[in-house]
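Fold and geometry: a report
Below are the chains, spelled out letter by letter.
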Amino acid sequence: MSHRRSLRFSKATCPICGSQEVARDDLKGDLICTNCGEIVSRKETRAVGKFDIAQLLRRDGKMSFAKLRETTGASDDKLFGVLQSMVQMGLLQEISGKYSLTKRGQRWYRQRLGQEWGY
Ligand SMILES: [Zn+2]
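Quick look at the structure, then. In this text the structure is predicted, and so the values were computed from the model without any measurement.

1. With respect to the overall build of the protein
Counting its secondary structure elements, the protein contains 4 helices and 7 strands. Going from the N terminus to the C terminus, the protein shows its helices and strands as β-β-β-β-α-β-α-α-β-β-α.

Put into C-alpha cells, the structure is as follows:
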C-alpha cells in the first residue's frame, strides 16, 4: 500500500532544520519539509516591495505593523526590513505604532505610479 502524495521538491530551504529537502504539496499548495515535517507556507517567503506598502498606505492612510503584515502576507522580518528602509529614506513616518506616508513618500509614490503606467 502506498501513501505517497504528489510531492515535488522545491528550491526552498527549511527555516527550522535547514534541510533542502522541501517538497511542494500540489494538493494544498504548501511547502513541506520532508526532514522535520515543518510546513513552510508560501506566505512566509512572499516578498513585499516598497511600492506595495506605499500603495496600501495611500489607500488606508495609517496602518499598524500587524495590519500591514496581515494585508501583505509578508513575514515579520521582511516587512520590518522594508518599513525601516522606507523610514530611513524619509518616505514613511511611524507615529504611535502606525505607519503613514510622508509628503515625500506621497511624491515618491506618484512618481513610481507614473513609471508603472508608462507616463
Ligand atoms: Zn525541516
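Right, picking up where we left off after that structure.
2. Side note on the sheet that holds strand 5 (residues 62–64)
What the 3 strands build is an open sheet, ordered 5-7-6; its pairing is antiparallel. If you trace the sheet from one side to the other, it starts and ends with strand 5 and strand 6 (92–95), each paired once. Averaged over all adjacent pairs, the angle separating strand axes in this sheet is 30°, with direction ignored. Pairing analysis gives 3 bridges linking strand 5 to strand 7 (residues 98–101), with the strands arranged antiparallel. Looking at the pairing, Lys-62 lines up with Ser-100 of strand 7. Sheet strands in contact with helix 2 (residues 65–72) are strand 5 and strand 7, and its direction is about 90° off that of strand 5.

3. Observations concerning the environment of Thr-72
By secondary structure assignment, the location of Thr-72 is in helix 2. Considering only alpha carbons, one finds Thr-72 and Ile-53, 19 residues apart in sequence, at a separation of 8.1 Å.

4. Quick look at the nonpolar core
Ranked by internal contacts, the top residues of the largest apolar core, which has 16 residues, are Ile-53 and Leu-83. For this core, the secondary structure elements donating two or more residues are helix 1 (50–60), helix 3 (76–88) and strand 7. The element that contributes the greatest number of residues to this core is helix 3, accounting for 4 residues. Filtering out sequence-adjacent residues up to four positions away, Ile-53 remains in contact with Val-48, Leu-68, Val-82, Leu-83 and Met-86. Judged by nonpolar contacts, the second largest core, of 5 residues, contains Val-22, Leu-31, Ile-32 and Cys-33.

What counts, and at which threshold
Residues numbered from 1 in each chain as written. Predicted model: local features only at pLDDT ≥ 70, side-chain atom pairs only at ≥ 80, totals over all residues. Helix = DSSP H or I, 4+ residues; strand = E, 2+ residues; numbered from the N terminus. Pairing = 2+ DSSP bridges. Axes fitted to C-alpha atoms, helices over the stretch in contact; angles between N-to-C directions. Contact = placed C-beta atoms within 7 Å. Core = buried A, V, L, I, M, F, W, Y, C linked by C-beta atoms within 7 Å. Buried ≥ 20, exposed ≤ 12 C-beta atoms within 10 Å, placed from the backbone.

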